[in-house]
Amino acid sequence: MVSAEPPIKAGTPSIEEVEATIQRNLSRRETQARVSSVLYPTLLVAVLLVLWEALTRAFHIPQFLLPAPTAVLSSLAAHADLLLKHLWITTLEIAFGFGLSIVVGVPLALAIFLWPPFARSIFPLLVSSQAMPKVAVAPLLLVWFGFGLLPKVLIAFLIAFFPVVINTAVGLSAIEREKIYLAWSMGLSGTATFFKIRLPNALPSIFGGLKISVTLAVVGAVVGEFVGGDAGLGYLLMVANGSMDTPLLFADLLVLTALGVAFFMLVELAERIALPPHAKGATAGTMQSM
Amino acid sequence: MSETLMSASRADAGAPEPYLTIESLSKVYATHNGPVRALDRVSLTAGRGEFLSILGPSGCGKSTLLMIAGGLVGASSGTVSIGGRIINKPRTDLGIVFQSPVLLEWRTALGNIMLQAEARNLDRGTALARAKELLAAVGLKGFEDKYPHELSGGMRQRVSICRSLIHNPPQLLMDEPFGALDALTRDQLVLDIQQIWNELRTTVLFVTHSVAEAVFLSDRIVVMTPRPGTIDCIIDVELPRPRTLAMREGPEFAGYSRQIFDRLLARGVLHEH
């Protein structure tokens, strides 16, 4: 037998009221999450800085060992011109090194994807080029290209291009067979399939590679300056170290970190522009749950 | 072989004009453990406008048969032909629905359907109108601008069905299209498919392992044997159309199901304790 639905008890809130409450709670929680995601890390850094400042003062730690945050800041202000000058040089090296990684890496990956014999020939070379420590090649590049911008750009490129090649090649080949069947059944040409399906399908993987690559380019540029530089933040690190100007060294590190973050965020921005809302929606979801 | 005899004896009693002809089709895969036989000399014809289901256990090569029929996978021997013309490259006179929706994540529901129109250079205005009409027909009105990740599994599969139909293909290939969906969604989609097929009368090859779906939708059901896939028998379903949910519980429907289950029992696909 089919029984009717039991009656609703008097005094229970209507579904509209429940709905409004739940919805209000959600937006409150979201606002709280947004505020805390900025506030908490800021607070943590502030606490650490205060602790650091207090410790260096309390124990009279010599400045060349560990300068107080205030000393670093005043050094940063005092050497602003110097730091900016060297910042510009390093920025150029990273930009060109990273740019070259894309300009060489993406076509190389394309050739690897399109032409299997080429892939088979180049892969052992590529892999061994990665096994070789690039820092060890730096002196050779200096001998060949002198002390200017070029050897640093090349070292940055050598360190940074591998993830671009691998991630692009993997992204292009990793595709569901059905998507290709689908393209065939629609009569899409090879070129159209590439641009409408394969390339957009590979973009998340390509951007993954670019993000690794850009951080490596920063390392490469600094390494190049260590080995044979007369300018740049890496060179300035060596100078500050040599003259035991530890506050300047810290100030330099601060600028270098900011530069690395700026480059990374630039790539993220490009990713957000290149990948339409579908990816944004997906990542926003995971960020919220974190 | 007895199964070829059976299929031959059932052949084309008053069937419509043949559209798709499959002749002595075999497919063997080479592996490191030796060759694997997927299909063994399968012969089959589908009439124009016919709804033909291919039913069998997992691994009987029914999906392979469908992909070969679409020209997407090559046969090891034997032929597939359309109106006498032998197929040796991917066919474009069809729509395909795969087991998974295979939507492009970066395109909206409407954008995914329109890919078919773009690829075929259909008139954009007409295609847009038709795409919206199809979405409405499968209950997705208002979801045009949603991205796949914002849709449920059933909704995504509906979008994929719309994509396979926007160009009014003379042939529809469906590879276990409802395999990953829940029972109620399947029921609704089966009703939707019947309605759409009733309007378009396109030739459908429908691969499934659901006896109920096959009986509900088909004009004929090809029952396949376990690997290597051969045709066990072909059953004509003569239930009146449109078929209803009530009909599914009736004695005639049960009779067809029983016939199929008997074959599956006889072949050892199923066994009662």
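What counts, and at which threshold
- Residues numbered from 1 in each chain as written.
- Chains lettered and ligands numbered in written order.
- Predicted model: local features only at pLDDT ≥ 70, side-chain atom pairs only at ≥ 80, totals over all residues.
- Heavy atoms only, no water.
- Helix = DSSP H or I, 4+ residues; strand = E, 2+ residues; numbered from the N terminus.
- Rg over C-alpha atoms; globule rule 2.2 N^0.38 Å.
- Buried < 20%, exposed > 50% of the residue type's maximum accessible area, 1.4 Å probe, protein only.
- Contact = heavy atoms within 4.5 Å.
- Lys, Arg positive; Asp, Glu negative; His and termini not counted.
- Charge placed at Lys NZ, Arg CZ, Asp CG, Glu CD.
- Core = buried A, V, L, I, M, F, W, Y, C linked by side-chain atoms within 4.5 Å.
- Buried area = accessible area lost by both parts, 1.4 Å probe.
- Salt bridge = Lys/Arg side-chain N within 4 Å of Asp/Glu carboxyl O.
- Polar contact = N/O pair within 3.5 Å; in protein donor to acceptor, adjacent residues only side chain to side chain.
- Nonpolar A, V, L, I, M, F, W, Y, C, P; charged D, E, K, R; others polar.
- Axes fitted to C-alpha atoms, helices over the stretch in contact; angles between N-to-C directions.
- Parallel < 35°, antiparallel > 145°, perpendicular 65-115°, else oblique.
- Left-handed = near helix turned anticlockwise from the far one by under 90°.
- pLDDT = per-residue confidence, 0-100.
- Pairing = 2+ DSSP bridges.
- Phe/Tyr/Trp six-rings, centres within 6.5 Å; stacked < 30°, edge-to-face > 60°.
- Expected span 1.5 Å × (residues − 1).

What follows deals with the overall build of chain B. What chain B contains, in helices and strands, is eight helices and 10 strands. Relative to a compact globule of 273 residues, whose C-alpha radius of gyration would be 19 Å, chain B shows 19 Å and is just as compact. Summarising its shape, the C-alpha atoms of chain B cover approximately 55 × 45 × 40 Å along the three principal directions. A total of 273 residues make up chain B; the buried ones form 52% of that total. Contacts in chain B between residues far apart in sequence, at least 24 positions, make up 70% of those at least 6 positions apart. Taken together, the 29 basic and 29 acidic charged side chains of chain B have centroids lying 4 Å from each other.

With that out of the way, let us pick up the nonpolar core. Residue and element names in this part refer to chain B. The biggest cluster of nonpolar side chains holds 47 residues, and the ones touching the most others in it are Val159, Ile161, Met174, Phe178, Val215, Ile221 and Ile260. The contacts of Val159, once residues within four sequence positions are left out, are Leu103, Ala109, Asn112, Ile113, Leu135, Leu140 and Leu151. Counting 43 residues, the second largest nonpolar core, distinct from the first, contains Ile68, Ala119, Met224 and Ile231.

What follows deals with the interface of chain B and chain A. Tallying the contact residues gives 24 residues for chain B and 19 residues for chain A. Between chain B and chain A, roughly 1,900 Å² of surface is buried when both sides are summed, and carbon and sulfur atoms account for 71% of that area. Of all residues in chain B, Leu72, Val102 and Trp106 of chain B give up the largest surface area on contact with chain A, accounting jointly for 28% of the area buried on that side. Here chain B is connected to chain A by two salt bridges. Of the charged contacts, one joins Glu105 of chain B and Lys179 of chain A as a salt bridge, the two residues approaching to 3.3 Å between their closest N and O atoms. Viewed at the interface, chain A and chain B are joined by three residue pairs in polar contact (both at pLDDT 80 or more). Among the secondary structure elements, those contributing two or more residues to the side of chain B that touches chain A are strand S6 (94–97) and helix H3 (109–119) of chain B. Looking at the side of chain B that touches chain A residue by residue, the class counts come to 14 nonpolar, four polar and six charged.

Quick look at the packing of helix H5 (residues 153–165) of chain B against helix H6 (residues 183–200) of chain B now. Residue and element names in this part refer to chain B. Closest axis-to-axis distance for the H5/H6 pair is 11 Å, and the angle between their directions is 15°. For the element pair H5 / H6, the angle class is roughly parallel. At the point where H5 passes H6, the crossing takes the right-handed sense. Across the interface between the two elements, Gly154, Arg158, Ile161 and Leu165 from H5 touch Thr185, Gln188, Leu189, Asp192, Ile193, Ile196 and Leu200 from H6. Here the contact of H5 with H6 is built from residues that sort into six nonpolar, three polar and two charged.

This next bit is on unusual backbone geometry. Across the junction of Arg227 of chain B and Pro228 of chain B, the peptide omega takes the value -5°, indicating a cis bond. With respect to the helices and strands, the residue Pro228 of chain B is situated in the loop between strand S9 (220–224) and strand S10 (231–236). Here the amide bond leading from Arg241 of chain B into Pro242 of chain B is cis, since omega sits at -5°, within 30 degrees of zero. Residue placement: Pro242 of chain B occurs in the loop between S10 and helix H8 (251–266). Residues other than glycine seldom take positive phi values, yet His60 of chain A does so here, at roughly 50°. For Val102 of chain B, which is not glycine, the phi torsion reads 50° and is therefore positive. With respect to the helices, strands and loops of the structure, Val102 of chain B is situated in the loop between S6 and H3. On the basis of relative accessibility, which here comes to 4%, the residue Val102 of chain B falls in the buried class.

Looking now at the packing of helix H7 (residues 177–186) of chain A against helix H8 (residues 190–228) of chain A. Two quantities define a packed helix pair, namely the angle between the axes and the distance from one axis to the other. All names here are of chain A. Contact geometry of H7 with H8 gives a least axis separation of 11 Å together with a crossing angle of 165°. Taken together, the axes of H7 and H8 are roughly antiparallel relative to one another. In the packing of H7 onto H8, the handedness of the crossing is right-handed. Contact residues: H7 offers Lys179, Ile180 and Ala183, while H8 offers Thr193, Ile197, Arg198 and Asn201. Split by residue class, the contact of H7 with H8 holds three nonpolar, two polar and two charged.

Next up on the list: the side chain of Thr64 of chain B. Residues and elements named next belong to chain B. Tracing the backbone through its elements, the reader meets Thr64 in helix H2 (residues 62–69). Residue classification places Thr64 among the buried residues on the basis of a relative accessible area of 16%. Dropping the residues within four chain positions of it, Thr64 is found in contact with Lys27, Tyr29 and Leu39.

What follows is about the confidence of the model for chain B. All names here are of chain B. Residues of chain B with pLDDT of at least 70 account for 94%, and the chain-wide mean is 89. Contacts from residues 1–13, a stretch scored under 50 in pLDDT, to residues over four places away or in other chains number 18 contacts. Our summary of model confidence lists the complex with pTM equal to 0.81 and ipTM equal to 0.89.

This brings us to the sheet that holds strand S2 (residues 36–47) of chain B. Residue and element names in this part refer to chain B. Pairing is antiparallel across the open sheet formed by four strands, whose spatial order is S2-S1-S4-S5. At either end of the open sheet lies a strand with only one pairing partner, and these are S2 and strand S5 (85–86). Two strands pair when backbone bridges link them, and strand S4 (residues 77–82) and S5 are joined in this way by two bridges, in the antiparallel orientation. Bridging across to S5, Ser81 finds its partner in Ile86. Seen against the sheet, H2 touches strand S1 (18–29), S2 and S4 and runs at an angle of roughly 125° to S1.

This part takes up the packing of aromatic side chains. What describes a pair of aromatic rings is the distance from one ring centre to the other and the angle between the planes of the rings. All names here are of chain B. Within this structure, the stated rule accounts for nine aromatic pairs over all chains. A ring pair is formed by Phe51 and Trp197, whose centres lie 5.8 Å apart and whose planes are at 80°; its orientation type is edge-to-face. Here Phe51 is found in strand S3 (residues 51–55), whereas its partner Trp197 is found in helix H6, with 146 residues between them in sequence. On the basis of relative accessible area, Phe51 is assigned to the buried category, the value being 1%. The buried category is assigned to Trp197, whose relative accessible area is 3%. Taken together, a centroid distance of 5.6 Å and an interplanar angle of 50° make the contact between Phe51 and Phe206 tilted. Of this pair, Phe51 sits in strand S3 while Phe206 sits in strand S8 (residues 203–208), and the two are 155 residues apart along the sequence.

Turning to helix H5 (residues 134–145) of chain A, a few remarks are in order. All names here are of chain A. Taking 1.5 Å of rise per residue, the 12 residues of H5 would be expected to cover 16 Å, and the 16 Å separating its terminal C-alpha atoms lies within 8% of that figure. Buried positions along H5 lie against helix H4 (116–131), helix H6 (149–173) and H8. A positive backbone phi angle near 75° is found at Gly146, which sits one or two residues after H5.

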